Amino acid sequence: MSLHLKTKYEKLIKDALFSQFKYKSVMQVPKLEKIVINAGVGDAAADVKFIEAMANEIQAITGQKPVLTKSKKAIATFKLRENQTIGVKVTLRGERMWNFVENLVNIALPRVRDFKGLSNNSFDGRGNYTLGIKEQIIFTEINYDDIKRVRGFDVTFVTSTKKDQVAKELLKAIGLPFAKQR
């Protein structure tokens, strides 16, 4: 029987983490607060259509309209002006966040060629995990014939804990397939 991921977290994972880390209060149990998806489009300086295409792809994957990110300063060697649009980002919370995690774990990651698990070294020291996706075509929402260019983006899982080990246990319980430790 397949449980929706949010329900699984509420009914099973929360209790398991509570007893595993011997918390005194249920409020101490770590939770997934948000997921931030960020895509930098470096060649947007040459053509604005690249930004629009990436924004449409991110919107198809997440079901939410992305925000355009702008450069903070001008860098002449990259032909970059200040306040020029250089990327897109989306912050997912609530139902969309849980749907994205389910889609990522059950459909997208198994489609990655030669996938051996997620890196154990991508925690930031404050309980957040960032995963780099090399190709947007692993998501079923993307039509291979419509893409202008194969691009990657970053997915950051923001948790309520400040400890990497606790965050890893939470993400493992949610279903993220980490690589085996050697």
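What this report covers is the structure whose coordinates are included nearby. (Residues numbered from 1 in each chain as written. Predicted model: local features only at pLDDT ≥ 70, side-chain atom pairs only at ≥ 80, totals over all residues. Heavy atoms only, no water.)

Here the focus is the pairing of strand S3 (residues 85-92). For strand S1 (residues 32-40) and S3, the ladder comprises six bridges, and the chain directions are antiparallel. When the sheet's bridge partners are listed, asparagine 38 is paired in S3 with lysine 89. The sheet contact formed by strand S2 (residues 67-70) and S3 spans four bridges and is antiparallel. The residue of S3 that forms the bridge with valine 67 is lysine 89. (Pairing = 2+ DSSP bridges. Helix = DSSP H or I, 4+ residues; strand = E, 2+ residues; numbered from the N terminus.)

Let's shift gears to the pattern of salt bridges. Pairing is possible between side chains that carry opposite charge, provided their charged atoms lie close to one another. Overall, the coordinates contain two salt bridges when judged by the stated rule. As a salt-bridge pair, glutamate 10 and lysine 14 come within 3.5 Å of each other at their nearest N and O atoms. Taken together, the residues glutamate 10 and lysine 14, both in helix H1 (residues 5-20) and four residues apart, mark about one turn of the helix. You can call glutamate 10 partly exposed: its relative accessible area is 40%. Judged by relative accessible area, lysine 14 falls into the partly exposed class, the value being 22%. The partner of glutamate 169 in a salt bridge is lysine 172, and the shortest N-O contact between them spans 3.8 Å. (Salt bridge = Lys/Arg side-chain N within 4 Å of Asp/Glu carboxyl O. Buried < 20%, exposed > 50% of the residue type's maximum accessible area, 1.4 Å probe, protein only.)

It is worth spelling out the packing of aromatic side chains at this point. Applying the stated criterion to the full structure yields eight aromatic pairs. Relative to tyrosine 129, the ring of phenylalanine 123 has its centre 4.8 Å away and its plane inclined at 55 degrees; by these criteria the two rings are tilted. Summarising the burial analysis for this pair, phenylalanine 123 and tyrosine 129 share the class buried. The interplanar angle of 75 degrees and the centroid separation of 5.3 Å between the aromatic rings of tyrosine 129 and phenylalanine 178 together place this pair among those described as edge-to-face. One end of the pair, tyrosine 129, is in strand S4 (residues 128-133); the other, phenylalanine 178, is in the segment after helix H4 (164-174), and 49 residues separate them in sequence. Residue phenylalanine 178 is classed as buried on the basis of its relative accessible area, which comes to 11%. Grouped by ring-pair contacts, the aromatic residues Phe123, Tyr129, Phe157 and Phe178 constitute a single cluster. The ring centre of phenylalanine 178 lies 5.5 Å from the NZ or CZ of lysine 168, which sits over that ring. (Phe/Tyr/Trp six-rings, centres within 6.5 Å; stacked < 30°, edge-to-face > 60°. Lys NZ or Arg CZ within 6 Å of the ring centre and 35° of its normal.)

Moving on, we come to the nonpolar core. One finds Ile35, Phe139, Phe153 and Phe157 to be the most contacted residues of the largest nonpolar core, which totals 48 residues. Counting only elements with at least two residues in this core, the list comes to H1, S1, helix H2 (49-62), S3, helix H3 (94-108), S4, strand S5 (153-159) and H4. The biggest single contributor to this core is H3, with seven residues. Beyond its immediate chain neighbours, meaning those up to four positions away, phenylalanine 157 contacts Leu32, Lys34, Ile35, Val101, Leu104, Gly127, Asn128, Tyr129, Leu131, Leu171 and Leu176. (Core = buried A, V, L, I, M, F, W, Y, C linked by side-chain atoms within 4.5 Å. Contact = heavy atoms within 4.5 Å.)

This part is about the environment of glutamine 64. Within the secondary structure, glutamine 64 sits in the loop between H2 and S2. With 28 residues separating them in the primary sequence, glutamine 64 and leucine 92 have C-alpha atoms 7.9 Å apart. If we ignore the near neighbours within four places in the chain, the residues touching glutamine 64 are Ile58, Gln59, Val90, Thr91, Leu92 and Arg96. Polar side-chain contacts of glutamine 64 include one of 2.9 Å to the backbone oxygen of threonine 91. (Polar contact = N/O pair within 3.5 Å; in protein donor to acceptor, adjacent residues only side chain to side chain.)

The next subject is the packing of H1 against H4. Between H1 and H4, the shortest axis-to-axis distance is 10 Å and the interhelical angle comes to 140 degrees. Taken together, the axes of H1 and H4 lie oblique to each other. Once H1 is placed against H4, the crossing between them reads as right-handed. For the pair H1 and H4, the contacting residues are Leu5, Lys8, Tyr9, Ile13, Leu17 and Gln20 in the first and Glu169, Leu170, Ala173 and Ile174 in the second. Residue composition of the contact of H1 with H4, grouped by class: seven nonpolar, one polar and two charged. (Axes fitted to C-alpha atoms, helices over the stretch in contact; angles between N-to-C directions. Parallel < 35°, antiparallel > 145°, perpendicular 65-115°, else oblique. Left-handed = near helix turned anticlockwise from the far one by under 90°. Nonpolar A, V, L, I, M, F, W, Y, C, P; charged D, E, K, R; others polar.)

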